[in-house]
Amino acid sequence: MSNMGKVIVVTSGKGGVGKTTCTANLGSGLAQAGKTVVLVDTDIGLRNLDLVLGLENRIVFDLVDVIDGKCRSFRQALIRDKRFENLQVLASAQSRDKDAVKPEQMKALCQELKGAFDYVLLDCPAGIEMGFKNAIAGADEAIVVTNPEVSAVRDADRIVGLLEAADINPIRLLLNRFKPNVAQRGQMLSVADVQEILNLELIGMVPEDERVVHSSNKGEPAVLDPKSKAGLAYRQVVQRLIDPGAAAWAPEQPGLMSKIRRMFSVNLGSQAN
Amino acid sequence: MTQILSMPPDGVTLKGTRHGLLVCVREDVDFDQAIEQIKEKLANPFLTQEPGGQLDAKRISLDLGWRELSSDSFTRLREALGEVELAGVLSTSLQTRTVAESFGLKAIIGRLGLAHHQGRRLRQEQKERAEAEKEAPSAAEQPPAETPLAETPPAAAPPPDADQEQEATLYIKRTLRSGQKALYPGNIVLWGDLNPGSELEAEGDVLVLGTVRGRIHAGCNGNAEAQIYCQSLHPTVLRIADGIWTGDLKETGLKQLPAAVKVSCAKDLLRFETSR
């Protein structure tokens, strides 16, 4: 039991908040830290994860092939990352849909994978339908990705309710595409505003960074870019994943004026709500 | 008594309804365990065998929530129930309803299980049992026929009077998140937040000890006497009987929101009183 890995589902409810980017970055970060990692793209029909890692042309077998038994074992379908030997990807099928897989089958696959790897990261599709149910079926833990927007927070709250009902614990929060100065001006939800609703353990806060989009398009995760602020934030999240007690995330200390401004902004924010 | 107040850890809860016994099966419980628990619960000697009664253990309805059952699992469930007759199935899952209908059963869209419904009748029975045990410590050893249940009105009796209704309270100690809804034919006490997108619906009063951002409907059966009390009310939709408030600060006569308020209903308008 002790050498069993952890299955962590990266989910959000709303689309476009950065689940796939997070999965790719956290996976690469964990691999860089010397862990054996497998990333599973459970978004059947809308395959993305391989692109973000720059591995599209290496796909021979996919998730549905593994589940249908079209390849000898899951190992045959795993794609090794360009940069790290200990990072593998199981791509999803592009020409099938979410009904091609059943929750019990995903559960069995996750059991197999966690026997062979330290971390199994599941990239969950948006929504709360079949794809979501499949993705969480085999998960032990969850990272809920959200943006500081009311719609993303509302959807995250719904997802957390469903994850709690499925006995997934711990559920941790990753606040993505955060703009500290905009939040300070009160034009965006602050960390406190988000936490007031979701009330989850915050595993990290990734600032908005144009480099992330660029690096995703190039197929090179931002976590490996030493100059990227987002990359730094992802590395902190990775540290917290490996050792939850160690590098507690500390918010930057605002000055006196910005503190006063923030007090007003929180009030304004809740009025507008 | 504590057992009644806290959330039951069981995956299966029984609820006495006008149409008979409703067995609520939580979705997060393993299916095999659920079957075992149903059998266990139905073997409870406090359930009467009176045909058509609220607690008739020989004819039950099932609340399966969003659990998706294949026809194989459904066959297993029916086999496990043995002689117990299934009156109908309550579920939010289309698949489960379709399967149930293919077995010739009545299937309705709905869900009560999430709120861990404890039927009013069942609660009253538990309370009386607890009181009787206090009076006679050896009550547990007496045969079922002599238990306090025999003294309670028969199952087909008219609904409990107003006093009893006020006592029936659902106690929830957690946060209700978006998409979660608690319905109860009595009062609701929520010790936690009511997040945006969640709902409370009670025939009686509603008391929320956390932050209110979700919707509340008190006195949902038309009881205009019902009241809502909350510690931190944010703009949302509150309803008491036919009165509706849609989050407009001006209508409340309060200086600001969020506020701690007691809300009552007069002539279809909600009245707000600060309670500090």
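Residues numbered from 1 in each chain as written. Chains lettered and ligands numbered in written order. Predicted model: local features only at pLDDT ≥ 70, side-chain atom pairs only at ≥ 80, totals over all residues.

## Thoughts on the pairing of strand β2 (residues 20-25) of chain B
All names here are of chain B. Burial runs high along β2: six of the six residues are buried. Looking at chain direction, strand β1 (residues 12-17) and β2 are connected through six bridges and run antiparallel. Directly across from G16, in β2, lies its bridge partner L21. One ladder, built from four bridges, connects β2 with strand β3 (residues 59-65); its direction is parallel. Counterpart to C24 in the pairing with β3 is D63. (Buried ≥ 20, exposed ≤ 12 C-beta atoms within 10 Å, placed from the backbone. Helix = DSSP H or I, 4+ residues; strand = E, 2+ residues; numbered from the N terminus. Pairing = 2+ DSSP bridges.)

## Side note on the environment of T246(B)
Within the secondary structure, T246(B) sits in the loop between β14 (243-245) and α7 (249-252). Looking at T246(B), the number of C-beta atoms within 10 Å reads 10, which means it is exposed.

## Notes on the packing of helix α5 (residues 103-116) of chain A against helix α6 (residues 130-137) of chain A
All names here are of chain A. Closest axis-to-axis distance for the α5/α6 pair is 7 Å, and the angle between their directions is 30°. On the basis of the axis angle, α5 is roughly parallel to α6. The hand of the α5/α6 crossing is right-handed. Contacts from P103, M106 and K107 in α5 reach K133, N134 and A137 in α6. Of the residues belonging to the contact of α5 with α6, the class tally is three nonpolar, one polar and two charged. (Axes fitted to C-alpha atoms, helices over the stretch in contact; angles between N-to-C directions. Parallel < 35°, antiparallel > 145°, perpendicular 65-115°, else oblique. Left-handed = near helix turned anticlockwise from the far one by under 90°. Contact = placed C-beta atoms within 7 Å. Nonpolar A, V, L, I, M, F, W, Y, C, P; charged D, E, K, R; others polar.)

## A few points about helix α9 (residues 191-198) of chain A
Helical geometry note: an α-helix holds 3.6 residues per turn, so side chains three or four residues apart project in the same direction. All names here are of chain A. Buried residues of α9: D193, V194, I197 and L198, and no others. The buried residues of α9 all sit within an arc of 115° when viewed along its axis, so they share a single face. Backbone geometry just downstream of α9 places N199 in the positive-phi region, at approximately 50°. (Arc of directions from axis to C-beta.)

## Things to note about the confidence of the model for chain A
Mean pLDDT over chain A stands at 89; residues scoring 70 or higher make up 89%. Residue range residues 268-273 of chain A is modelled with pLDDT below 50. Its contacts to residues more than four positions away, or to other chains, number eight contacts. (pLDDT = per-residue confidence, 0-100.)

## Let's talk about the sheet that holds strand β13 (residues 238-240) of chain B
All names here are of chain B. Taken in spatial order, the five strands line up as β7-β9-β11-β13-β14 in an open sheet, and their pairing is mixed. Each edge of the open sheet carries a strand with a single partner, namely β7 (181-184) and β14. Going from strand to strand, the sheet's axes swing by 5° on average, the running direction of each strand aside. As judged from the three bridges shared by β13 and β14, these two strands associate in the antiparallel manner. Within the sheet, the bridge partner assigned to L238 lies in β14 and is W245.

## Details of α5(A)
Residues and elements named next belong to chain A. Over its 14 residues, α5 runs 20 Å from end to end, which matches the ideal 20 Å to within 8%, given 1.5 Å per residue. Taken together, the buried positions of α5 are occupied by M106, L109, C110 and L113. Viewed along the axis of α5, the buried residues span an arc of 105°, placing them on a single side of the element. When the buried face of α5 is taken as reference, the exposed residues oriented beyond 90 degrees from it are E104 and G115. Buried residues along α5 sit against β1 (6-11), β2 (37-41), α3 (63-68), α4 (74-77), β5 (119-123) and α6. (Expected span 1.5 Å × (residues − 1).)

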